[in-house]
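Commentary on secondary and tertiary structure
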Amino acid sequence: MVTSIEHINGMISDLRLQPVDFNKLFNGRKSLTPLESVELFLKEELQLKIDKQNRSRQRNAKLPYTKTIAAFDFGFQRSVTKEQMLQLSDMTWVEQAYNICFLGPPGVGKTHLAISLAVEGLNKGYVVAFETLENLIKILKTCEITTSSRRRLKYLQKATLIVIDEVGFMPLDATEANLFFSFISAMSEKTSLIITSNKGFDEWADFLGDQTITTAILDRLVHHCEIINMTGNSYRLEHHKSITS
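A brief structural summary. (Residues numbered from 1 in each chain as written. Predicted model: local features only at pLDDT ≥ 70, side-chain atom pairs only at ≥ 80, totals over all residues. Heavy atoms only, no water.)

**Some words on the state of the cysteines**
A complete count under the given rule lists 0 disulfides for this structure. No disulfide involves C101; its sulfur sits 3.7 Å from the nearest other cysteine sulfur, which is in C225. Overall, C101 belongs to the buried group, its relative accessible area being 0%. (Disulfide = S-S within 2.5 Å. Buried < 20%, exposed > 50% of the residue type's maximum accessible area, 1.4 Å probe, protein only.)

**Brief notes about the pattern of salt bridges**
Taken as a whole and judged by the stated rule, the model has 4 salt bridges. Of the charged contacts in the structure, one is a salt bridge between K124 and E120, with a shortest N-O distance of 3.4 Å. Residue E120 is classed as partly exposed on the basis of its relative accessible area, which comes to 22%. As a salt-bridge pair, E131 and R152 come within 2.6 Å of each other at their nearest N and O atoms. With E131 in strand 2 (residues 128-132) and R152 in helix 8 (residues 147-158), this residue pair connects regions lying 21 residues apart in the sequence. (Salt bridge = Lys/Arg side-chain N within 4 Å of Asp/Glu carboxyl O. Helix = DSSP H or I, 4+ residues; strand = E, 2+ residues; numbered from the N terminus.)

**Let's talk about the nonpolar core**
I162, I164, F180, F183 and W204 are the most contacted members of the largest nonpolar core, which totals 35 residues. Excluding residues that lie within four positions of it along the chain, I162 makes contacts with A129, L156, F183, M187, T191, S192, L193 and I194. Judged by nonpolar contacts, the second largest core, of 29 residues, contains L63, I69, W93 and V163. (Core = buried A, V, L, I, M, F, W, Y, C linked by side-chain atoms within 4.5 Å. Contact = heavy atoms within 4.5 Å.)

**Quick notes on helix 9 (residues 174-187)**
Over its 14 residues, helix 9 extends 20 Å from the first C-alpha to the last, a length consistent with the 20 Å expected when each residue adds 1.5 Å. Inspection of helix 9 places E176, A177, F180, F181, F183, I184 and M187 among the buried residues, and these make up the whole buried set. The buried residues of helix 9 all sit within an arc of 165° when viewed along its axis, so they share a single face. Structural note: helix 9 exposes A174 and T175 on the side pointing more than 90 degrees away from its buried face. In this structure, the buried residues of helix 9 make contact with helix 7 (133-142), helix 8, strand 3 (161-167), strand 4 (192-197), helix 10 (204-208) and helix 11 (211-221). Where helix 9 begins, the side chain of D173 points an oxygen toward the backbone nitrogen of T175, at a separation of 3.1 Å. (Expected span 1.5 Å × (residues − 1). Arc of directions from axis to C-beta. Polar contact = N/O pair within 3.5 Å; in protein donor to acceptor, adjacent residues only side chain to side chain.)

**Things to note about the pairing of strand 3**
Side-chain direction in a regular strand flips from residue to residue, so the side chains alternate between the two faces of the sheet. Counting buried residues along strand 3, 6 of its 7 residues qualify, which places the element largely inside the surrounding structure. In the sheet, strand 2 pairs with strand 3 via 5 bridges, with the strands oriented parallel. Its bridge partner being in strand 3, E131 is matched across the sheet by I164. Across 5 bridges, the pairing between strand 3 and strand 4 is parallel. Paired with V167 across the two strands is S197, which belongs to strand 4. (Pairing = 2+ DSSP bridges.)

What follows is the structure, given as structure tokens:
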């Protein structure tokens, strides 16, 4: 029996399949037919493959942390409702390459909600990516000379859903604004974007530095888009913890 398991494990390795704990797999299962045993083994291999793919997608998404809709304080932040977010969490809009923009001052929960939708996307099997605008611009500027940037851009280009966080926190120069426009244009109609920004659309020209570029970006971004304007005080400031308290 031991020799047979070793032989099977050798073939599993040669076929580049996932290692299987046969003692756990067949524990309590007696009198299986050969076909039932094969079916059980293949089901286990399929689940192991799915689990490996899920771990890979979660790792490559590069979410800074995990947040959920259930953990969001809708009592404190009343400019968006739980019902709205639960409706968006079905992720059907991703199939239509719709975008979502969370706009509002710092600390009102924009990134929390964006990440919570990214998590829902991952759970439903979508290829998801997260980047701050600052890091996205670095990738776009260095993709021709840096292997890591080129690899990351390739991943972004095949993603189903991309979160671009902190849009508007830092001004862009003309080259950077054009790179941002080119990226948005390339993603338009084929990839869903979730944008978080501390500035209203009427202020985007201030940090992009060009009204024409701004109009072109917004034209592509908001054509199919859910815009959620968030107001109120910073949750972090309201719930800060003092070292001496």
